[in-house]
Amino acid sequence: MQINKNKLNWIQLDITARCQAMCLECARNIDGKDVNPFIGKPHSWDMPLDVIKKAVTPEMLSNNLQKILFNGNFGDPCIHPQFLDICQYIVDHAHKDLRLNISTNGAMFDSEYWTKVGDVLKNITHGVIFGIDGLADTHHIYRRNTKYENVINNVKAFIDAGGHADWQYIVFDHNKHQVEEAKQIAKEIGFNSIFFRGLTTGSGAARNFTKAVNKHKDGGMGAKTKKNNEVVVHIDGRKGYQEAKKIVGEAPKDFLDTANISCQYYNSKGMYVEYDGTVWMCCWTGDMHKRKNQLFGMDKISQEWKHITKRFGKHFNNLHYHSFDDILNHEFFVSYLDKTFNSTRNDPDTPRLDTCAKTCVWGKNFV
């Protein structure tokens, strides 16, 4: 692969591993109770501003980038202690068509803070996605340690200050009866859109979330046309891995070792940077060395990470130690990944990554 940071279309940054929530099935916690020990100590959870400036340089912001995404595997970007400074840095250097997308639970801090966020972001094309999974009596069931009323107050302050907000609603059995009411509330508050994950059959992710809620009770989208200033309503039409298998038929036993891999991020000219400064092709490979399944000895990916670090060392792709250019010119990105795409998962020299095999085969995005 030949990757030039100045020709990237978009970049995804997981700027922190901090989050006050304990959402079930989130990679940063164990069963919604304990923090995943593989994400490190709290002092290492925040990507410093100087590292962010290495990941998105003023030149990139003013010229080539079309979109920046603040989301990822482990944290909520809006809780980063320098979040407002980070946003201001991007605003100060961004060209007029660059878009900043941010995903958050929106429950941290108070309305005064969110007024400041709206005041900064109003100067750039942006969208902030608030994860609100139900109403006052249901939202907290999955999105633990957050309070619906606090999120709504923060959203109102953000919008009043000039912010553009979107509502992501994961549909469960316990909140599906509130979908229509949520649409009306979204319209009244001033959300740009509300989109539902799991409202239609075929959403693998929503099935997993529902299973998680039931287990722990103790504790491309199609858009309807916007008319008469109504909030845009999206329905999730993505297909999970099992649904993809139904489409192509039951795969042979060696399918994941032989199917063609088409790297989604590379094809769309995107990159992913983890909170610890590590650079990856995508968010799926980005958490390979922090998977909580390692706790139970079930994670083949942890063995893959051991193979990679034995070959390249622990810091070969880390912005704390190298420039972005040097990382992208490293053997791992230039030739190693290409070789893994054309090998098998048991290859002793360049084993195909299990994540790549399960996520980017068929040359289509099914997840």
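Residues numbered from 1 in each chain as written. Predicted model: local features only at pLDDT ≥ 70, side-chain atom pairs only at ≥ 80, totals over all residues. Heavy atoms only, no water.

### A word on the confidence of the model for the protein
Selection rule: pLDDT expresses, on a scale from 0 to 100, how confident the predictor is about each individual residue. Any two residues whose heavy atoms approach within 4.5 Å at even a single point are treated as in contact.
Taken as a whole, the protein shows an average pLDDT of 84; of its residues, 80% reach a score of 70 or greater. For residues 235-244, every residue scores under 50 in pLDDT, and the model assigns this stretch 34 contacts once sequence neighbours within four places are set aside. In the predicted structure, residues 363-367 sits below a pLDDT of 50 and forms 14 contacts with residues beyond four places in sequence or in another chain.

### Considerations on the packing of aromatic side chains
For clarity, the threshold we go by: Two rings from Phe, Tyr or Trp (for Trp, the six-membered ring) form a pair when their centres sit within 6.5 Å of each other. Planes less than 30 degrees apart are called stacked, planes more than 60 degrees apart edge-to-face, and all others tilted. Per-residue accessibility, obtained with a 1.4 Å probe over protein chains only, is compared with the maximum for each type, and a residue is labelled buried under 20%, exposed over 50%, and partly exposed between these values. Helical segments are the DSSP runs of H or I of at least four residues, strand segments are the runs of E of at least two, and each set is numbered from the N terminus.
Inspection of every chain in the model, using the stated rule, returns 22 aromatic pairs. Where Trp 10 meets Tyr 265, the ring centres are 4.7 Å apart and the plane angle is 55 degrees; that geometry is what we call tilted. Considered together, Trp 10 and Tyr 265 belong to a single accessibility category, that of buried residues. Here Phe 130 and Phe 191 contribute two aromatic rings whose centre-to-centre distance is 6.5 Å and whose plane-to-plane angle is 80 degrees, an arrangement assigned as edge-to-face. Placement of Phe 130 in strand β6 (residues 125-131) and of Phe 191 in the loop between α7 (179-189) and β8 (193-197) is noted, with a sequence separation of 61 residues between them. Each of the two residues, Phe 130 as well as Phe 191, counts as buried. What links up through ring pairs into an aromatic cluster is the set Phe 109, Tyr 113, Trp 114, Phe 130, Phe 158, Trp 167, Tyr 169, Phe 191 and Phe 196.

### Some points on helix α6 (residues 148-160)
The criterion, for reference: The length a helix should cover is 1.5 Å for every residue beyond the first.
A rise of 1.5 Å per residue sets the reference length of α6, with its 13 residues, at 18 Å; its end C-alpha atoms lie 18 Å apart and thus fit the reference within 8%. Buried within α6 are the following residues: Tyr 148, Val 151, Ile 152, Asn 154, Val 155, Ala 157, Phe 158 and Ile 159. Immediately beyond the C-terminal end of α6, within one or two residues, lies Gly 162, with a positive phi of roughly 105 degrees.

### Thoughts on the environment of Asp 14
Put simply, the rule is: Whenever two N or O atoms come within 3.5 Å, that pair is a polar contact, provided that in protein one can donate a hydrogen and the other can accept it, and provided that, for residues adjacent in sequence, both atoms are side-chain atoms.
Checked against the element boundaries, Asp 14 lands in the loop between β1 (10-13) and β2 (29-30). Take Asp 14: its relative accessible area is 2%, and that puts it in the buried class. Measuring from C-alpha to C-alpha, the distance between Asp 14 and Leu 69 comes to 8.4 Å, with 55 residues separating the pair along the chain. Once residues lying within four places of it in the same chain are set aside, the contact partners of Asp 14 are Met 47, Asn 71, Gly 72, Asn 73, Phe 74, Gly 75, Tyr 272, Val 273, Glu 274 and Tyr 275. From its side chain, Asp 14 meets the backbone nitrogen of Phe 74 in a polar contact 3.1 Å long.

### Concerning the packing of helix α4 (residues 111-121) against α6
Helix-helix packing: each pair is described by the crossing angle between the helix axes and the interaxial distance. Formally: Lines fitted to C-alpha atoms define the axes here, with helix axes fitted over just the stretch in contact, and angles between the N-to-C directions of these axes take values from 0 to 180 degrees. Crossing handedness: left-handed means the near helix sits turned counterclockwise from the far one by under a right angle, and right-handed means the same turn made clockwise. The nonpolar class holds Ala, Val, Leu, Ile, Met, Phe, Trp, Tyr, Cys and Pro. Asp, Glu, Lys and Arg form the charged class, and all remaining residues, Gly among them, are polar.
Between α4 and α6, the least distance of the axes is 7 Å, while the angle of their chain directions is 35 degrees. For the crossing formed where α4 meets α6, the hand is right-handed. From α4, Ser 111, Trp 114, Thr 115, Val 117, Gly 118 and Leu 121 reach across to α6, where they touch Asn 153, Asn 154, Ala 157 and Phe 158. Of the residues assigned to the contact of α4 with α6, the class counts are 5 nonpolar, 5 polar and no charged.

### Observations concerning the pairing of strand β5 (residues 99-104)
Condition: In this description, strands pair whenever DSSP reports at least two bridges between them. The definition of a right-handed crossover adopted here requires that, viewed with the strands pointing away, the path from the first strand over the helix to the second runs clockwise.
Taken together, the 4 bridges between strand β4 (residues 67-70) and β5 define a ladder with parallel strand orientation. Bridge pairing in β5 links Lys 67 to Arg 99. Each parallel crossover has a hand, and the one from β4 via helix α3 (residues 83-93) to β5 is right-handed. The pairing of β5 with β6 spans 6 bridges and is parallel. Directly across from Thr 104, in β6, lies its bridge partner Phe 130.

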